[in-house]
Amino acid sequence: MSRIILGIESSCDETGVGLVRLHDGGAVELLADEVASSVEQHARFGGVVPEVASRAHLEAMRPTAERAFATAGLRLSDVDAIAVTAGPGLAGALLVGVSAAKAYAAALDVPLYGVNHLAGHIAVDTLQHGPLPKPCLAMLVSGGHTQLLRVDDIAGEITEIGSTVDDAAGEAYDKVARVLGLPYPGGPPIDKAAREGDPTAIDFPRGMTGPRDAKFDFSFSGLKTAVARWVENAERRGEEIPVNDVAASFQEAVADVLTAKAVRAATEMGIGTLVISGGVAANSRLSSLARERCEAAGIELRVPRPRLCTDNGAMIAALGAHVVAAEKKPSALDLSANPALPV
Ligand code: KG4
Ligand code: ZN
């Protein structure tokens, strides 16, 4: 008998509600993936404003859930288990999703699972590419996170092997976009500008790649500062900023460091599959360079489609399905959000 899992996500600025079907053999099928974003309300601040995000979640949660059920052609009473992002993320934002999930679980008398947002970003890939090989390596690159994770079991055995020591990759994109006068969030406009630019025009620094640096950690704050200084100097000289070249050179530095470290980690650990997920995985240069380098190293590369890479409820439903399939213990109804939840 297959089971229906409801997934709820509210860790940042996206209210996501997903529905999946867990088939008997363990296959997970996507039925609905509805997202309401408050990104436009944050745009003029250049970053997510927690209070604004929480309020937007409150307003969007119910209509988003209703849309998901309508899309899937299901009723609330069809749900067999509920998964919700318990962390990491913004405390107030997380609490909206956790409260909603608890209310649904209590009303429907079904098990509730508080799950990890980062694991969700990896689990989502199973909706597109099927079961994950054990082990696999995951690189999670988003506005809030930049991490390399060894995944022995998506339902609970995930080990961080590297992470950013300062800014997340997406954060660097957002800050550099600001310096270049491009809109927020900065990833898509930089990606677009870079297509018209020369990635070798400026040799920006590759952070944490020195012989004494931690092997699998990242740093993007030096790169961000280098771009800002380069632009300031050009402005001081009264020169016009070659936005496309700066964007392309910055993007090349990010893609170079991310892919080099991921491929090196997979090779050194003898892992044959790399999954890249999170908002920055939508970056065209990151995926093309990753493809090139993985192919050269004999590593299978899996990148979920962009819609699945950014925050959504389907990723939490997918992770919930794997947790249910692994027969993990449900969370208690006094489950709380943990803004700093580790993987
Ligand atoms: O995963 P996500 O939607 O939300 C977080 O959990 O942070 O990631 C959002 C981040 C933003 O920083 C955005 O600028 C970046 O992903 N992003 C991109 C691209 N599309 C989104 N970065 C580079 N290239 C893109 N095409
Ligand atoms: Zn995320």
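Fair warning: this is a prediction, and the values are worked out from it, not measured in the lab. (Residues numbered from 1 in each chain as written. Chains lettered and ligands numbered in written order. Predicted model: local features only at pLDDT ≥ 70, side-chain atom pairs only at ≥ 80, totals over all residues.)

**Describing the overall build of the protein**
In terms of regular secondary structure, the protein is built from 12 helices and 10 strands. Relative to the 2.2 N^0.38 estimate, which gives 20 Å for 343 residues, the radius of gyration of the protein is 20 Å and therefore close to what a compact globule would have. Among the 343 residues that make up the protein, the fraction classed as buried is 53%. A separation threshold of at least 6 residues defines the contact pool for the protein, and within that pool the share at least 24 residues apart is 75%. (Helix = DSSP H or I, 4+ residues; strand = E, 2+ residues; numbered from the N terminus. Rg over C-alpha atoms; globule rule 2.2 N^0.38 Å. Buried ≥ 20, exposed ≤ 12 C-beta atoms within 10 Å, placed from the backbone. Contact = placed C-beta atoms within 7 Å.)

**Considering the sheet that holds strand β1 (residues 3–9)**
Here we have five strands laid out as an open sheet, ordered β3-β2-β1-β4-β5, and mixed in their pairing. Either end of the sheet is taken by a strand with one partner, and the two such strands are β3 (28–37) and β5 (112–116). Each neighbouring strand pair of the sheet contributes to a mean axis angle of 20°, computed without reference to strand direction. Relative to β3, strand β2 (residues 14–22) runs antiparallel, the two being bridged by nine bridges. Counted as the bridge partner of L22 is V28 from β3. Contacting β2 and β3, helix α2 (residues 50–72) runs over the sheet at an angle of about 30° to β2. (Pairing = 2+ DSSP bridges. Axes fitted to C-alpha atoms, helices over the stretch in contact; angles between N-to-C directions.)

**Notes on the packing of helix α8 (residues 221–236) against helix α9 (residues 243–269)**
At their nearest, the axes of α8 and α9 sit 11 Å apart, and the two run at 165° to each other. Between α8 and α9, the crossing angle belongs to the class labelled roughly antiparallel. In this structure, the crossing between α8 and α9 has a hand that is right-handed. Contact residues: L223, V227, W230 and V231 in α8; V246, F250 and A253 in α9. (Parallel < 35°, antiparallel > 145°, perpendicular 65-115°, else oblique. Left-handed = near helix turned anticlockwise from the far one by under 90°.)

**Notes on the site of ligand 1**
Contacts to ligand 1 come from 19 residues, most closely from G143, G170, G187, G279 and N283. Contributions of two or more residues to the shell around ligand 1 are made by α6 (169–179) and α7 (187–195). Along the lines of polarity and charge, the residues of the shell around ligand 1 split into six nonpolar, 10 polar and three charged. (Near = placed C-beta within 6 Å. Nonpolar A, V, L, I, M, F, W, Y, C, P; charged D, E, K, R; others polar.)

**Looking at the confidence of the model for the protein**
Close inspection of predicted coordinates is inappropriate in any region flagged by low pLDDT. Taken as a whole, the protein shows an average pLDDT of 96; of its residues, 100% reach a score of 70 or greater. On the interface metric, ipTM, the complex scores 0.98, and its pTM is 0.95. (pLDDT = per-residue confidence, 0-100.)

**Brief notes about the UniProt feature "binding site: substrate" (unreviewed entry) in the protein**
In the UniProt entry, the feature "binding site: substrate" (unreviewed entry) is given for L140, V141, S142, G143, G144, D174, G187, D191 and N283. Residue class for G187 comes out buried when judged on the 26 C-beta atoms lying within 10 Å of it. In this structure, G187 is in contact with G170, Y173, G279, V280, A282 and N283, ignoring residues within four places of it in sequence. Position of N283 among the secondary structure elements: in the loop between β9 (273–277) and α10 (284–297). (UniProt positions renumbered as here; feature names shortened; annotations may be inferred.)

**Digging into the environment of E14**
Within the secondary structure layout, E14 lies in strand β2. As a C-alpha pair, E14 and V79 span 65 residues in sequence and 22 Å in three-dimensional space.

**As for α8**
Taking 1.5 Å of rise per residue, the 16 residues of α8 would be expected to cover 22 Å, and the 22 Å separating its terminal C-alpha atoms lies within 8% of that figure. Within the span of α8, buried status applies to L223, K224 and V227. Take α8 and look down its axis: the buried residues cluster within an arc of 105°, on one side only. In α8, those exposed residues whose orientation departs by more than 90 degrees from the buried face are R229, E232, N233 and R236. As for α8, its buried residues are in contact with α6 and α9. Just downstream of α8 lies G238, where phi reads positive at about 75°. (Expected span 1.5 Å × (residues − 1). Arc of directions from axis to C-beta.)

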